[in-house]
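Each chain, letter by letter, is given below.
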Amino acid sequence: NFHIFVEADLQSSLSRLMREFVAKHKNMNWKIYNQPYQKMKKTIIGKYPDLLLTRKGKKRIAIELKQSALRKNVPFENVVKDVHKLGDMGNEVDKTYLIYTCYVSDLDKQEEEKTALQDAADRYENPPIIMIINLTCISDHGSWKTEMSRHITNLSQYYGGAKV
């Protein structure tokens, strides 16, 4: 039962789902870290991705989360900044993902935000993958877990399935 109100709820829920997924498949080569400091090779300033997945100690997946659904104090510019943060990490991690949950009913605004995020991502050699979960498209907000499980399955397929 997930109640997502702020980004910390989203991060905690996703971390728990991922840990359960790894445990279910008995693959202890994967580790999930919450906001670990990552020293960047090309800069003196490090980054703190919301979630970092490693396999046998190698950085495989960095995830940034933005939870703006039903919240008015999350400027869209902050979502774009997270795309740039991931883009900067792209050479240090195999894959980067932005998971953006929103509640945007205006179709023009939905397309505008999607285009802005993709344009920001496309500036990078290893662009972040953008996942937008618009809760206006999900009538039952309790189905969020099902939606996130689908994304986790897609992530695992990048490495040939759960047993990597």
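Remember, predicted model here, so these are calculated numbers, not experimental data.

1. What about the overall build of the protein?
Looking only at helices and strands, one finds four helices and five strands in the protein. Out of the 164 residues in the protein, the part that is buried amounts to 47%. Accessible area for the protein stands at about 9,100 Å²; split by element, carbon and sulfur atoms hold 51% of it.

2. Thoughts on helix α2 (residues 76-89)
The end-to-end C-alpha distance of α2 is 21 Å, a good match for the 20 Å that 14 residues give at a rise of 1.5 Å each. Within α2 the residues assigned to the buried category are Phe76, Val79, Val80, Asp82, Val83, Lys85, Leu86, Gly87 and Met89.

3. A word on the pattern of salt bridges
Considering all chains together, one arrives at six salt bridges under this definition. Here lysine 58 and aspartate 94 are joined by a salt bridge, their closest N and O atoms 3.1 Å apart. Of this pair, lysine 58 sits in strand β3 (residues 58-67) while aspartate 94 sits in the loop between α2 and β4 (95-102), and the two are 36 residues apart along the sequence. You can call lysine 58 partly exposed: its relative accessible area is 42%. Of the charged contacts in the structure, one is a salt bridge between aspartate 94 and arginine 60, with a shortest N-O distance of 2.9 Å. Note that aspartate 94 is positioned in the loop between α2 and β4 and arginine 60 in strand β3, a separation of 34 residues in sequence. Members of the salt-bridge network, linked through shared partners, are Lys58, Arg60 and Asp94.

4. Digging into the sheet that holds strand β2 (residues 51-55)
Overall, mixed pairing links the five strands, which are arranged β1-β2-β3-β4-β5 in an open sheet. What marks the edges here is a single partner per strand, and that holds for β1 (30-34) and β5 (129-134). Taking the axes of each pair of neighbouring strands and ignoring which way they run, one obtains an average angle of 20 degrees across the sheet. Two elements, β2 and β3, share five bridges in a ladder whose sense is antiparallel. The residue bridging arginine 55 from the neighbouring strand is lysine 58, located in β3. Running over the sheet, helix α1 (residues 7-24) touches β1, β2, β3 and β4 and is turned about 145 degrees from β3. Seen against the sheet, helix α3 (residues 107-121) touches β4 and β5 and runs at an angle of roughly 160 degrees to β5.

5. Some points on the side chain of lysine 66
Mapping lysine 66 onto the fold places it in strand β3. Assessed through its relative accessible area of 12%, lysine 66 is described here as buried. The residues contacting lysine 66, other than those within four sequence positions of it, are Glu7, Leu10, Val74, Asn78, Val79, Asp82, Ile99, Tyr100 and Thr101.

6. Remarks on α3
Over its 15 residues, α3 runs 21 Å from end to end, which matches the ideal 21 Å to within 8%, given 1.5 Å per residue. By the burial criterion, the buried members of α3 are Glu113, Leu117, Ala120 and Ala121. One side of α3 carries all its buried residues, which in axial view fall inside an arc of 105 degrees. In α3, the exposed positions that point more than 90 degrees away from the buried face belong to Leu107, Asp108 and Glu112. Regarding α3, its N-cap is aspartate 106, as a side-chain oxygen of that residue lies 2.9 Å from the backbone nitrogen of aspartate 108 further along.

7. Comments concerning unusual backbone geometry
Phi is positive for lysine 26, close to 50 degrees, though the residue is something other than glycine. Secondary-structure assignment places lysine 26 in the loop between α1 and β1. Take lysine 26: its relative accessible area is 67%, and that puts it in the exposed class. You will see that lysine 56, though not glycine, has its phi angle at about 50 degrees, which is positive.

Conventions adopted
Residues numbered from 1 in each chain as written. Predicted model: local features only at pLDDT ≥ 70, side-chain atom pairs only at ≥ 80, totals over all residues. Heavy atoms only, no water. Helix = DSSP H or I, 4+ residues; strand = E, 2+ residues; numbered from the N terminus. Buried < 20%, exposed > 50% of the residue type's maximum accessible area, 1.4 Å probe, protein only. Areas by Shrake-Rupley, 256 points an atom, 1.4 Å probe, with all protein chains shown as cover. Expected span 1.5 Å × (residues − 1). Salt bridge = Lys/Arg side-chain N within 4 Å of Asp/Glu carboxyl O. Pairing = 2+ DSSP bridges. Axes fitted to C-alpha atoms, helices over the stretch in contact; angles between N-to-C directions. Contact = heavy atoms within 4.5 Å. Arc of directions from axis to C-beta. Polar contact = N/O pair within 3.5 Å; in protein donor to acceptor, adjacent residues only side chain to side chain.

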